[in-house]
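These are the residues of each chain, in order.
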Amino acid sequence: MSGESRTRGAAAASVEAEVSKEATYGSLPLLKAERSWSAGDFSWVTLSLAIATWAFLTGGSTVLLVGFTDGIAAMLIGNSIGLAIMALGSVVLSQRLGVEQYRALKSVFGIVGVGIVVFVVVLLTEMGWTSLLGVMFGRAFSEISNQAFGTEFDQFGPLVTVFALAAIFVGWIILSRGPVTISKLNRFVAPGLLVVVALMMILLMSQFSWGELLAAEPMAPFPDEQLNFMMAVEFNLGAGLSWWPVMGTLSRLTRGPRAALWPAYAGILVGTVVAQIVGMAAGLLMGQSDPTAWMVPLGGPILGVLTLLFVGFANVTSMASIAYSTVLAVKQSSGPVLAKLNWPALAALFLALPAVLSFFPQFMYEQFMTFVVISGAFIAALCGVIIADYFILRRQVVPLRALYASGPSDPLRFTGGVNIAALVAVVISSAFYLWVYNPITLETQPMFSFGTATVPAVIIAMVSYLILNSLLYVRRGRGAYGGTDLFAAAGRK
Amino acid sequence: MTEASALEQELERRLTAIEAEEANDPVHAALSGRSLGVFLAVAAGIVAVAIVMVAL
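Residues numbered from 1 in each chain as written. Chains lettered and ligands numbered in written order. Predicted model: local features only at pLDDT ≥ 70, side-chain atom pairs only at ≥ 80, totals over all residues. Heavy atoms only, no water.

Q: Can you walk me through the overall build of chain A in this structure?
A: From N to C terminus, chain A includes 23 helices and 0 strands. For 493 residues, the compact-globule formula gives about 23 Å, and the C-alpha radius of gyration of chain A, at 23 Å, lands near that figure. Each principal axis of the C-alpha atoms in chain A carries an extent, and together these give about 70 × 65 × 40 Å. Within the span of chain A, comprising 493 residues, buried residues form 61% of the whole. In chain A, the share of contacts with a sequence separation of at least 24, taken over all contacts with a separation of at least 6, comes to 86%. Counting only carbon and sulfur atoms, one obtains 67% of the accessible surface of chain A, whose full area is about 17,600 Å². Side chains of chain A carry 26 positive and 23 negative charges; the gap between the two charge centres is 21 Å. (Helix = DSSP H or I, 4+ residues; strand = E, 2+ residues; numbered from the N terminus. Rg over C-alpha atoms; globule rule 2.2 N^0.38 Å. Buried < 20%, exposed > 50% of the residue type's maximum accessible area, 1.4 Å probe, protein only. Contact = heavy atoms within 4.5 Å. Areas by Shrake-Rupley, 256 points an atom, 1.4 Å probe, with all protein chains shown as cover. Lys, Arg positive; Asp, Glu negative; His and termini not counted. Charge placed at Lys NZ, Arg CZ, Asp CG, Glu CD.)

This is the structure:
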């Protein structure tokens, strides 16, 4: 073979490799052979995502308001409702089509509308979670340094930022290697975390009795007990909903609707319950939910440091997992400018944002509850609109080719690429949520004490969307509603 | 072949393969009403158990 033909061959191989990468990293629909996750595989992924150290923080924040038993109830109610809404608003659509979540959501919001959703809601939400994981990693390694070398680094000091930046860098390396590497790491991390969480609970309960745990008072409650409980429920609802930005894209790798739906709900729920219980117990008994603060004093230097090392590593794999879907979303929604960047460069660009936030570790910790609830307000509205569109208006029939069409002949063009009805419904619903429960001023309306803010907000999103969309698009024959089902012969499962 | 045209070809190949070979494959099955009902019932059941737990 001549040098010239070898060069041409290498160039062609490079293009082929790029196409192959795009199929993994991009918006191309996956073929059946590429959809390799069974329900068991996906369960391990969701379980390992849920048993990250953020669950300790969520548990600890819950017991600021309520005691142990009420905390478990609030956790179950909030997560069960939040995860059910989240799963129906993300995994079913992407799984059926085998298409990345934000490409699939073109059928709901329009191609420009998806961009607005991604850059206004998704990017900010995931940036917050990613930086939080980095800060927790930083706190873990500061504590290890304090224990191993007798240093006295502050738990919100500069070293936390340095380690957080290191975690983000390692997360970028994992992320650059793609979803297969993330999946392989999760198979190792998830069972390990289960062991670590069990170990933490054993250590805690070796120092305290169950009676002490059950009798422990909430850490910082308000005078109204019912309001405390509902705020704890709402916070857990927000935590359950917060999985929405990543779950659809992950679920497209599964082999059937039930293999996607149940792990997205049950895997997260089980993992959250297990880890949050430890966070709640630690918060009530030790006054600190974050294991970085109590693991070494409780477990001793060797066991404590080893556990913190593992937890720190698990933070990084969680970071890579949530960043994977977010970077995909950004890639699909950013037009030709960012689309030209290769995967590692785009991943670096996204991770630069949480890197900036990691310079403010104390702010991230102190505003954690507010952040979760506000992001939950927007995600609840998004899910309401998606559920109404996919299950009620489209009856699960989305035109696959139209997801990739562009220009004036695009059946999913809506109004200049924006489904105005969807975005207006999201605004109405989110505003209603924040009127019922304002997480900044903590003002609430009477309905909040028995009905939460999320549930009525989802209903309002659905109703307002159905009315507006019917008026603007369905009645006018726009938006490709009522088409034939390409996959009708595939049946229902 | 440019990268963009290769991607377009790959997209068309995939869409054609899905339409021709996977249209009746259970991987593309819709969620049945029964599965949806069971799912919602389990989620509601967990909420009910938690409410009873608080009430006791």
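There is more to say after this.
Q: Teacher, can you tell me more about the interface of chain B and chain A here?
A: Interfaces are often sized by the amount of accessible area the parts lose when they come together. Each partner contributes residues to the interface: chain B has 39 residues there, and chain A has 49 residues. Between chain B and chain A lies a buried interface of about 4,000 Å² when both sides are counted; carbon and sulfur atoms form 72% of it. Three residues, B:R14, B:L31 and B:F39, lead the burial of chain B against chain A; their summed loss comes to 19% of the area buried on that side. Taken together, the links from chain B to chain A amount to 15 residue pairs in polar contact (both at pLDDT 80 or more). For the side of chain B that touches chain A, the elements supplying multiple residues, two or more each, are α1 (3-21) and α2 (33-55) of chain B. Taken together, the residues of the side of chain B that touches chain A break down into 25 nonpolar, 6 polar and 8 charged. (Buried area = accessible area lost by both parts, 1.4 Å probe. Polar contact = N/O pair within 3.5 Å; in protein donor to acceptor, adjacent residues only side chain to side chain. Nonpolar A, V, L, I, M, F, W, Y, C, P; charged D, E, K, R; others polar.)

Q: Mind showing me how you'd approach the nonpolar core here?
A: Side chains that are nonpolar tend, in soluble globular proteins, to be buried together. All names here are of chain A. Counting 184 residues, the largest nonpolar core has F109, W243, W244, M247 and Y465 as its most contacted members. Top contributing element to this core by residue count: helix α20 (residues 368-393), with 16 residues. Other than its neighbours up to four places away in sequence, F109 contacts V114, V117, L382, V385, I386, F414, G417, V418, N419, A422, L423 and V426. (Core = buried A, V, L, I, M, F, W, Y, C linked by side-chain atoms within 4.5 Å.)

Q: Mind showing me how you'd approach the packing of helix α15 (residues 291-299) of chain A against helix α16 (residues 301-333) of chain A here?
A: The description of two packed helices rests on the angle between their axes and on the distance between the axes. Residues and elements named next belong to chain A. α16 packs onto α15 with a crossing angle of 150 degrees between their chain directions and a minimal axis gap of 6 Å. Considered as vectors, α15 and α16 are oriented roughly antiparallel to each other. Remark: the crossing between α15 and α16 carries right-handed chirality. Here α15 contributes P291, T292, M295, V296 and G299 to the contact with α16, which in turn contributes P301, L303, G304, V305, T307 and L308. Taken together, the residues of the contact of α15 with α16 break down into 7 nonpolar, 4 polar and no charged. (Axes fitted to C-alpha atoms, helices over the stretch in contact; angles between N-to-C directions. Parallel < 35°, antiparallel > 145°, perpendicular 65-115°, else oblique. Left-handed = near helix turned anticlockwise from the far one by under 90°.)

Q: I tried to follow the environment of A:D290 on my own but got confused; where do I start?
A: Residues and elements named next belong to chain A. Following the sequence through the fold, D290 ends up in the loop between α14 (257-286) and α15. Put simply, D290 and F56 are 234 residues apart on the chain and 6.0 Å apart in space, counted from C-alpha to C-alpha. Beyond its immediate chain neighbours, meaning those up to four positions away, D290 contacts M136, R139 and Y365.

Q: Quick question: what am I supposed to make of the packing of helix α9 (residues 158-176) of chain A against helix α18 (residues 343-357) of chain A here?
A: Residues and elements named next belong to chain A. α18 packs onto α9 with a crossing angle of 155 degrees between their chain directions and a minimal axis gap of 10 Å. Relative to α18, the element α9 is oriented roughly antiparallel. At the point where α9 passes α18, the crossing takes the right-handed sense. For the pair formed by α9 and α18, the contact residues are L165, I168, G171, W172, L175 and S176 on the first element and W343, P344, A347, A348, L351, P354 and A355 on the second. Class assignment for the residues of the contact of α9 with α18 results in 11 nonpolar, 2 polar and no charged.

Q: Just to check I follow, could you spell out a nonpolar patch on the surface for this structure?
A: Taken together, the side chains of A:L165, A:V356, A:F359, A:F360 and A:F363 present a nonpolar region at the surface, about 500 Å² in accessible area. On the basis of relative accessible area, A:F360 is assigned to the partly exposed category, the value being 46%. (Patch = residues over 30% accessible without salt bridge, like charges linked within 9 Å, V, L, I, M, F, W, Y side chains within 5 Å. Salt bridge = Lys/Arg side-chain N within 4 Å of Asp/Glu carboxyl O.)

Q: Just to check I follow, could you spell out the layout of surface pockets for this structure?
A: Residues and elements named next belong to chain A. In this structure, the second largest pocket occupies an estimated 540 Å³ of space. What lines the second largest pocket is a set of 25 residues, among which S61, L64, Y365, E366 and M369 lie closest to the centre. Mapped onto the lining of the second largest pocket, the elements with two or more residues apiece are α3 (53-62), α12 (225-241), α19 (361-366) and α20. At 4 residues, α20 tops the list of elements feeding residues into the lining of the second largest pocket. In terms of residue class, the lining of the second largest pocket is built from 16 nonpolar, 6 polar and 3 charged. (1 Å grid on protein atoms, 1.4 Å probe; cavity = no way out; pocket = protein on both sides within 12 Å on 5 of 7 lines; lining within 4 Å. Points joined across faces, edges and corners; volume = space filled by probe spheres on them.)

Q: I would appreciate a short explanation of the pattern of salt bridges in the present structure.
A: Pairs can form between side chains of opposite charge whenever their charged atoms are close. Scanning the model with the defined rule gives 9 salt bridges over all chains in all. Residue B:R13 is joined to B:E10 by a salt bridge in which the shortest nitrogen-to-oxygen separation is 2.9 Å. In this pair, B:R13 and B:E10 both sit in helix α1, 3 residues apart, roughly one turn of the helix. Salt bridges sharing partners connect three or more residues here, namely A:E34, B:E10, B:R13 and B:R14.

Q: For this particular structure, what's the right way to read the environment of A:N228?
A: Residues and elements named next belong to chain A. Considering the arrangement of structural elements, one finds N228 in helix α12. Given a relative accessible area of 2%, N228 falls into the buried group. Along the backbone, N228 and V66 are 162 residues apart, and their C-alpha atoms lie at a distance of 6.5 Å. Residues within four places of N228 in sequence aside, it is in contact with L65, V66, P221 and F222.

Q: Got a minute to help me understand unusual backbone geometry in this structure?
A: The bulk of non-glycine residues show a negative phi, and the bulk of peptide bonds are trans. All names here are of chain A. Positioned with a positive phi, F414 is a non-glycine residue whose angle comes to about 55 degrees. Within the secondary structure layout, F414 lies in the loop between α20 and α21 (420-436). Under the relative-accessibility criterion, F414 is labelled buried at 5%. In this structure, A480 takes a positive phi of about 55 degrees despite not being glycine. Take A480: its relative accessible area is 25%, and that puts it in the partly exposed class.

Q: What's the story with α15(A) in this structure? I'm lost.
A: The α-helix winds at 3.6 residues per turn, so residues separated by three or four positions along the chain end up facing the same way. All names here are of chain A. In terms of burial, α15 is a largely internal element, 7 of the 9 residues being buried. The complete set of buried residues in α15 reads P291, T292, W294, M295, V296, L298 and G299. Following α15 by one or two positions, G300 has its phi on the positive side, about 90 degrees.

Q: Would you mind showing me how to read empty space enclosed by the protein here?
A: Residue and element names in this part refer to chain A. Under the definition given, this model contains 3 cavities of 30 Å³ or more. In this structure, the largest cavity occupies an estimated 130 Å³ of space. As for the largest cavity, its lining consists of 13 residues, of which W54, W129, A239, S242 and W243 are closest to the centre. Elements supplying a minimum of two residues to the lining of the largest cavity: α3, α8 (111-149) and α14. Element by element, the count of residues in the lining of the largest cavity is highest for α3, at 3 residues. In the lining of the largest cavity, the residues fall into 7 nonpolar, 5 polar and 1 charged.

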